[in-house]
Structure formats: C-alpha cells, structure tokens
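Summary of the model geometry
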Amino acid sequence: MARKRYKHITIHPSQGGALIGSASDDVPISDEKNFLTSSANYTEKINFRREVDGELRREGWDIFNPSGSDDALNSAEPIRGLHQFTGTDGTPVLIAIAGAKVYRLSTGDKRFAIDYGTDLLNANPVEEYATEDGQDAPETLTFDPDYFENEADDFIWELIYTFTNHMDAKESDGTLKDPFEGGAYRWEFAEIQNHLIINNGVDLPIVYKSEYDQAYPLYGLRENGVVSVGTISNFQDRLFCGDLTMISAGYDEWFGESDPYGTITASTLYAEGDVQIQRYQYRMIYSSEGDPKLFNTGIEANNVVIAESGGLEGTLTIGADGSYKMTYTKNFAIDTDGSMFQKYKYGIHSGVDHVGIFLDTIGAIKYDNEDFDFARKVDAVKALGVKFPTRFSGNAEEENGGFTESEVLAQMISMISTSGIFFKVEANKTLRFVDKDEDDIKLLDPTSGTELPEGTYPMVLRPFAEQIRKPAAFQEFVQDGTRILKMKELADKLVVYRDSGFFFLTRSNSTIQPYAVDPRYTGGRNADFRNTIIQVSGNMHLFMGNTGVYNINRSSVEPKPVDTFELGPPFWQMVPPELSEYVYTVDNPVTREIFINCPLGYKKNTQGQLIDDLNQPIATNENGNMVGQPVLDWGVIAYDYINNTLSQIDASFTSCTTIRKPKSNRVGPEQMWFIMGVHQAEDESSMYIGSQWREDPKYGGAIVRYGYGPPLYGETEPYRIYNRLGYGYISKIRSGLIDFGNSFSDKEVRSYVLELSSKYGVTPIRVRISTTTAPQGTENVETMSTLNGITQDFVTLNELRDENMIPLYLRAPYMRDEISVLPEYAKDSGFYVDTGYTEIKSRTDESNVQVESYYSVQSDLVVLDNPIKLVGRTFEVSGINTRATTQSIGQG
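Residues numbered from 1 in each chain as written. Predicted model: local features only at pLDDT ≥ 70, side-chain atom pairs only at ≥ 80, totals over all residues. Heavy atoms only, no water.

1. Regarding the overall build of the protein chain
Rules: Strands are runs of DSSP state E lasting at least two residues, helices are runs of H or I lasting at least four, and both sets are numbered from the N terminus onward. Buried, partly exposed and exposed residues are distinguished by accessible area as a fraction of the type maximum, computed with a 1.4 Å probe on protein chains only: under 20%, between the cut-offs, and over 50%, respectively. In this description, contact between two residues means that some pair of their heavy atoms is separated by no more than 4.5 Å. Accessible surface area values rest on a Shrake-Rupley calculation with a 1.4 Å probe, where residue burial reflects the displayed protein chains alone.
In terms of regular secondary structure, the protein chain is built from eight helices and 62 strands. The buried share of the protein chain, taken over its 892 residues, is 53%. Contacts in the protein chain between residues far apart in sequence, at least 24 positions, make up 67% of those at least 6 positions apart. Put simply, the protein chain shows about 38800 Å² of open surface, and 46% of that area lies on carbon and sulfur atoms.

Okay, here's the thing in structure tokens:
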C-alpha cells in the first residue's frame, strides 16, 4: 500500500459545468487528460444556472403586475400565446391568448373613478365618471362619485377576438382534440408594418392593429380561396403563408353564406358537398409588400400592376341622376377595420380608403372625377412633349402644343390622379361612388373621351393599394410534396423548413417571381418539433428534431448537431408525436438562455414511483402490468449560449416572451421584462399538457414575471425573488462520478468543503456524498446522520458563514456529491406537501428528507430570498494503490 499523502483538490464549475445525460458520467468529455473535466460536470442540474465563475441558484417568478396589483389575466385554460408588438403610435401592445380567446392589455393614465364593469374578461365598456381635466361627473349619474387621482397606470385585459378552435380543446373523455377536428396548432405571431397577425393553423389567421377596436380575420386570404394556413412568417415587409388549404369547388356558393370568413368544415355547405376544400401543403402565398391584409395576386409589367385574382365583382349602374352605384352579391367584408374596402368617412389616407373601378366591357380603370380643367390640359400637353419631342411646338398653352385634341384627351385620361374614388354604403349591398368632394364621379370612355351613358356595366371593385404596392403571389414547391413546417427569417433569407429538409428564399430580379428558391438540404435532420426553430445571435437557427438538436447558418448545406446537447439528456426522444406542438423555444435575454419547454421524463414521486397528473402512484395488477398511464413531467431545458452549458427547470411554462414593461406614458427609461404563462390545477378536469398540480386553486392559467431584473421603482438593488407565486422550490446539483484521475485504485477522502461566492448570502444547504466501486455499481451513501431519532442520508450545513466543512472518512474508487438548497420561510407555521405525505410542522424539522416540493397557503407563509452561488468544492484526498481489489472477481 502506498504512503498516504493528502492533497486539497478544488473543483470549480468553470472547469466543466456540462450537464451529462448521453455520455457516461465517469468519462472525461474533453480532449485534455484532466480528471476535472468529468468531476466538474453534472448528472443533474435543476434550478441552477451558470453565472461567470459559479453556479447560481435560479430565481423564481412572481405575478405579472405592472400596475402594482394582480394583472396576471387568471384564466381557466393555459395561456398558450404571449406576444408584444409595437403599435402605430410606438406604444408596445401586449397580447395574451388563453383557450380560444385573444386579449389585449389596455393601459390608462391617471384616470378618475373608473367603472370597469362586472366582467373584465369580456371587455365591458369602460365608463369614466370624471376626467383628468377636472370636469364634473356626467349628469346621468344618480350619485356623486368619489373623485381620486391615480398616479399609477391602470390596466385592463380586453377581449379582442375569439377563435373557433384552440390547441387545448378536449373531447368528452378528456383527451385532446386533433387539429381540424376541434383542436388546433400552437399560436404563431408575425409583425408587418405595425400589424400583428395571429395564426393557429386551422382557423383563418387574424390581423390586429393598436387602433382597432377588435381583431379581424384576414379577409383577403379567404377572398382568394384560402381556407386555412399551416404556418406564417414575416419577410421583407410581406406576410408569408405556407401549407395552404384551399377552396377547390363552390367558391361562389360559399361567399353567399352569411359568414364567409368562418370555419368552412363546420358549415352545411361543406357537409353536403356543395363546397369542397383541398390541402396543398407545399403551396405558399405572400401578401403585397407593406400590407399584410392584401392578397390579390398580380404581376408587374412596365411599372403597372396587372391583376390576376381578387376584387369584388358586381354591376355598375349609371343613373339618370348622374349617380354611379354598384350592386354585388358576394358577402365580402365592406367597411370594417380589417377590410381593404373602406367607405368615404375615413377621408384620404394614402390609399387605405380608395378603390379602383375595373369596367370589363371597356377595359378601363378609373380612380377620380374626370374634371378636365385647363391646368390638367397643359400638363397633358407637356407630358406628350416629353414622349414626342419632335412634334412638340414648345408652347403647351397654344393650340395644344402641336398635338391633336384626341391625343390630348387620351393623355389627360391617362394622367388622372389616383387620389380619389370613394364609396358610400347604401342598402341592399349597394355602394355609391363619390369623389373627394363627395360628389358623384364621372367616367369617360377612353376611346372617345365622352362620358359613359346611362346603363349597367359589369365591373370589379379593387383596393387602390393594389396599384401602388408590389403585388401578392402564389408559389408552389412541389418537389417531393412534403409539408412546409415552418418559415423563419435568417438575415436576408427566408428559411423554409419542410418534412424532408429545408431551402432558402431570396429576393430575385424577376417581377413575375420576385423570390428565388435555393435548395439546400434533403435528409433526416429535420425540424420535427417546428416550434423550436429559433434565431441565435442573429446569424444562426437552432432547432430540435427527432434525432437531436441542430443548427444552421446562411451558408449551411446541412444541419449540424450542437455538441452541448449531444452530451446532455436526450429529451427529444421523450416526446410522443401527438404532443410535438407543445414543445417550443424562446430566448430569455435576462438570463441569456434559450428555454426549451419539453418533457424531462416521466413524473415520479419521491419514492421513485411513476405517477399520474394528480401525483397518484400508478398501480400494477397481478401480472405486474401498470394500471393507468404515467404522464410526462414537463419542464424546461435551459441552454446558456454564453457558456455553452445546459440546466433544467422543474416547472412548465405554457408560453413565454420578452417585453418592455407596460406603461401608459412612454416617456422615460424602458424596462425589459421576461414573462411566462404557467398553469396550476387541482383536479383531473383542470389538467392540461404542462399543468402543474397543487392544492391552492386560486390560479389556473396566469402570467408571471421571471424573478430577475432591474431595481424596482425607488430601490437600488436588482429585482430578485426566490419563490414561485409564494411557493418554495428546491435547487439541486448532482455531480458526475469523481475518480480524481485514477479509476483503478481507491481514494481516501477525509473532508469536504463547500465554497460559496461572497456576492450572495448563505442558507442551509444539504450535502449528500456517496461512493461506488464501479460506474455501474450500487452507490452507498456516506453522509448518514441522525436527527430527532430519524436517520437521514444527508448532512445539513447551517452556518455557512464560518462552518462550511464536512469531516468524513470514505474509501472507494468513485464518489459523487449532491448539493440541494431548500426554500426558507419567514415563520414556522403549518403547511402541506404533496398528497399522501405527512404534514411538516417546521422548517427545522429534518424529518422531511423525502419532500421535493412545498405547497403552502400564501396567507400563512412567506418565502424568504435565499440566493447562493457555488464557486467550488474542495476535497481532502489521498490516493491508495489498492489495484481496486473490490472490483476483482472473488476477492475483496
């Protein structure tokens, strides 16, 4: 036996810090022959994250409360969609979607005595009893209200739209409905020119602007025969829609319906076969440039847009009274905020409310009153002089400058200003056309220059914007016929992901096909979990497939596996196909991580038993088969893209987004918040994918703010909390097997020191140290202790300011340590743990070794902040040349 000589060996997180799941936890993972590369890694890292030189206990979250009170929405169903976009006036607008309902957070400023009504979520009208300028209360009031000045912002969630379908819809037996059978896909958002477009893959997408009183369906899509859109994206000021379901027969019949923008598959016409649809999963349509509501297709030729589809057909009647009236039969949306056909009341707004008249029998397009005044005649002659300089006399005001009267008339007609045909809505689907002065228009026959006579003319009404914007277009990518999964912008390219690979779309020089296809990859490394596609560092996409996590950049010819995930837990193998829409990624700039919300395995209780959604163990029958189905334990894989490490969060976020703090007055500094949707339930009927069970039924779906950020108003310390809606949680790190560079012989360890950062506080920490004779062997716990007559398998370090060493004596080839930080409460009062466990009377009662989570009544307990940062673990160790006799057959 070799002579013992103890050394102090310190392991720092920066020497490893990888979360091991796929690699063996006793094998170094770097090329360096340094044992620390394995001993500094973890087999479990829950609710910790890397911060520079150490592992920091992860913060919790609190109720979303920009007004200082509860603004968390609080819905029965999970909040699956959160997004903030910039309104027309530059004010950020927060959108939340729970179930099928879409809400907007409306902000007020210094209001007085506001009556919000009895049902906030149904957006009852808000009545102000008094206004900021001190006016008296309305005379209709039967009482004198209390006037008060509210210096804080006021917030109210307003319902702006209700979809027909959503992804949490259930069958009568409690199972989820499939998309196109009452369910839907995950919500998608796209922003174009202060418009927000929302899509669920089944219903017609909707559009919303900050000045709208509600959201509206994308009328232009349905008017061009589109039933639904599988995925949307924004690219170069256009809305791209891929994976289209189209009306294949019965278009005219469908637009005779009272609600042609509703769900076709739920209609009688569809059931009886009068209207038929077909899915083209390889087809794409993109909107006109700059207007995501306009989908009338066309081509550009000689700087003129030639229409190919769209427009409202009707009959123009020129009456004896000089009126121009159009009657139509198709139930197009007329004069709503989401429509391209706006009546005169809006005035002249850069083409928003202008229309164009196409006369089929004459082939003319007119936009303005034919008022041939002298100034226009002079301009026409000058224009002809530019075209035909050899015929121009040089004087535009004398004898038509050398041109014939008919030539001048034709030129005047071609020069008509596109600034004003408007309409007024009359009864029985009739529109009356007027000019900008509200007078009846006059149209001339361009071949003769004479006014059109009384009578009827077939015509098509088109939005004026169609003539001034680059047109929309359909484009097909049949190839192998696979589905367009997702489209995502990457610098100057649009990456189109398909079931079989991906290709790039780039701007071309063609006016007929303005986007060129650049095929890149066909193979098995695909974005099977399409909602995980996310842009990292502005020049790379990261996504998760059935075979791993990959990234691509602008020059990639195939996806490349991400090494960090190759070492980590293979969570992509745990997701059943029917739950793939619930897996998504989001960038958390507060912690500088990518959050991947996905299953972390099957739920187990602290005894290691598989459990169901209500934390009840799964029983087995006499044959040993399970009775019931264990459920997946949803959580978060956090990818630190600064340090290239992984960690886990033992909670599920139903949605996440980064926002600017809502406030009514946009003057002053901005705060960045990261908010999440969480869902808690107390019974089986309230459980959804990713729900967390707990006893307190106060919240179902709620919006929370991640517990880290700038100081609160009037404070100097950063905002940091370590509870989850008033509940404590456990943070845990479990190391890989440590052999100190020699797996052949035993090591003796006689002390263990836990080192914490001086930048944070101290809190009781549990340390569990175990040994094993081989990586595949049985582990023996070495830190057994007795407290109040009960044997524990850990040691608690309470006075970490001065006492942070654990004396011990162990001898084995391998060892590992596990560090756990429990919640700390302000007072010792009764609270309850998971169903089936005993009541814990005090935090200091160490009989709760088996407890992994706490459920408390908020009025009784207050969770104290207890941040810590682990910067090292020091072992006093000596090597022994035993040749590991305990591993030899028949010896030891």
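Next, the rest of the story.
2. Focus on the pattern of salt bridges
Opposite charge on two side chains allows them to pair when their charged atoms are near. Where we set the bar: Every case where a carboxyl oxygen of Asp or Glu lies within 4 Å of a side-chain nitrogen of Lys or Arg is listed as a salt bridge.
As enumerated under the stated definition, the model contains 41 salt bridges in all. Between arginine 49 and glutamate 59 there is a salt bridge, and its shortest N-O distance comes to 2.5 Å. Of the two residues, arginine 49 sits in strand 3 (residues 48-51) while glutamate 59 sits in the loop between strand 4 (54-57) and strand 5 (61-63), which places them 10 residues apart along the sequence. Taken individually, arginine 49 and glutamate 59 each receive the classification buried, so the pair is uniform in this respect. Arginine 498 is the partner of aspartate 480 in a salt bridge, and the nearest nitrogen-oxygen pair spans 3.6 Å. Residue aspartate 480 is located in the loop between strand 28 (473-476) and strand 29 (484-490), and its partner arginine 498 is located in strand 30 (residues 493-498); the two are separated by 18 residues in the primary sequence. With a relative accessible area of 43%, aspartate 480 lands in the partly exposed category.

3. Overview of the sheet that holds strand 17 (residues 238-249)
The condition is simple: When DSSP locates at least two bridges between a pair of strands, those strands are taken to pair. Only the stretch in contact is used when a helix axis is fitted, and all axes are lines through C-alpha atoms; the angle between N-to-C directions ranges over 0 to 180 degrees.
Strands sit in the order 16-17-18-28 across an open sheet of four strands; the sheet is antiparallel. Every interior strand has two partners, whereas the edge strands, strand 16 (226-235) and strand 28, have only one. With strand direction ignored, the average angle separating the axes of adjacent strands in the sheet is 40 degrees. Looking at chain direction, strand 18 (residues 276-286) and strand 28 are connected through four bridges and run antiparallel. Along strand 28, the bridge assignment pairs tyrosine 286 with alanine 473.

4. A word on the nonpolar core
What counts, and what does not: Put simply, a nonpolar core is a bunch of buried Ala, Val, Leu, Ile, Met, Phe, Trp, Tyr and Cys residues held in one set by side-chain atoms that sit within 4.5 Å of each other.
If you look at the biggest cluster of nonpolar residues, it comprises 67 residues, and the most contacted ones within it are Ile95, Phe433 and Leu461. Looking at this core, the element that brings in the most residues is strand 17, giving five residues. In contact with isoleucine 95, not counting residues within four places along its chain, are Gly81, Leu82, His83, Phe85, Val102, Tyr103, Arg104, Ile160, Phe189, Leu196, Ile198 and Tyr208.

5. Topic: the environment of leucine 244
Position of leucine 244 relative to the elements: it lies in strand 17. Counting along the chain gives 38 residues from leucine 244 to tyrosine 282, while the straight-line C-alpha distance between them is 7.6 Å. Beyond its immediate stretch of four places on either side in the chain, leucine 244 contacts Val226, Ser228, Val229, Gln278, Arg279, Tyr280, Gln281, Arg283, Met284, Ile285 and Phe474.

6. Here's the deal with the packing of aromatic side chains
Threshold: Working definition: a ring pair exists when centres of Phe, Tyr or Trp rings (six-membered ring for Trp) sit within 6.5 Å. Plane angles under 30 degrees give stacked, over 60 give edge-to-face, the rest tilted. Definition used: whenever NZ (Lys) or CZ (Arg) falls within 6 Å of the ring centre and also within 35 degrees of the ring normal, the charge is taken to sit over that ring.
Tallied over the entire structure, the rule returns 33 aromatic pairs. Here phenylalanine 543 and tyrosine 550 contribute two aromatic rings whose centre-to-centre distance is 6.0 Å and whose plane-to-plane angle is 40 degrees, an arrangement assigned as tilted. The same class applies to phenylalanine 543 and to tyrosine 550, which are both buried. Here phenylalanine 595 and phenylalanine 674 contribute two aromatic rings whose centre-to-centre distance is 5.7 Å and whose plane-to-plane angle is 90 degrees, an arrangement assigned as edge-to-face. One end of the pair, phenylalanine 595, is in strand 38 (residues 593-602); the other, phenylalanine 674, is in strand 44 (residues 672-681), and 79 residues separate them in sequence. Judged on exposure class, the residue phenylalanine 595 and its partner phenylalanine 674 are both buried. Of the aromatic side chains, those joined through ring pairs into one cluster are Phe85, Tyr208, Tyr212, Tyr216, Tyr219, Tyr251, Phe255, Tyr261 and Phe332. Over the ring of tyrosine 185 we find arginine 530, and its NZ or CZ is 5.3 Å from the ring centre.

7. Looking at the side chain of arginine 50
Let me state the cut-off plainly: Residues adjacent in sequence count toward polar contacts only when both atoms are side-chain atoms; beyond that, a polar contact is any pair of N or O atoms within 3.5 Å, and within protein one must be able to donate a hydrogen and the other to accept it.
Within the secondary structure layout, arginine 50 lies in strand 3. Of note is the side chain of arginine 50, whose polar atom sits 2.7 Å from the backbone oxygen of proline 13. Within polar-contact distance, the side chain of arginine 50 engages the side chain of glutamate 55 at 3.3 Å. For arginine 50, the residues in contact, after removing those within four places along its chain, are Pro13, Ser14, Gly16, Gly17, Lys45, Glu55, Asp640, Asn643 and Thr645.

8. Observations regarding unusual backbone geometry
Positive phi, normally seen in glycine, also occurs at glutamine 193, with a value near 50 degrees. Structurally, the position occupied by glutamine 193 is in the loop between strand 12 (188-192) and strand 13 (195-199). Phi at leucine 725 is positive, roughly 55 degrees, even though this residue is not glycine. As for its position among the elements, leucine 725 is in the loop between strand 48 (719-720) and strand 49 (731-735).

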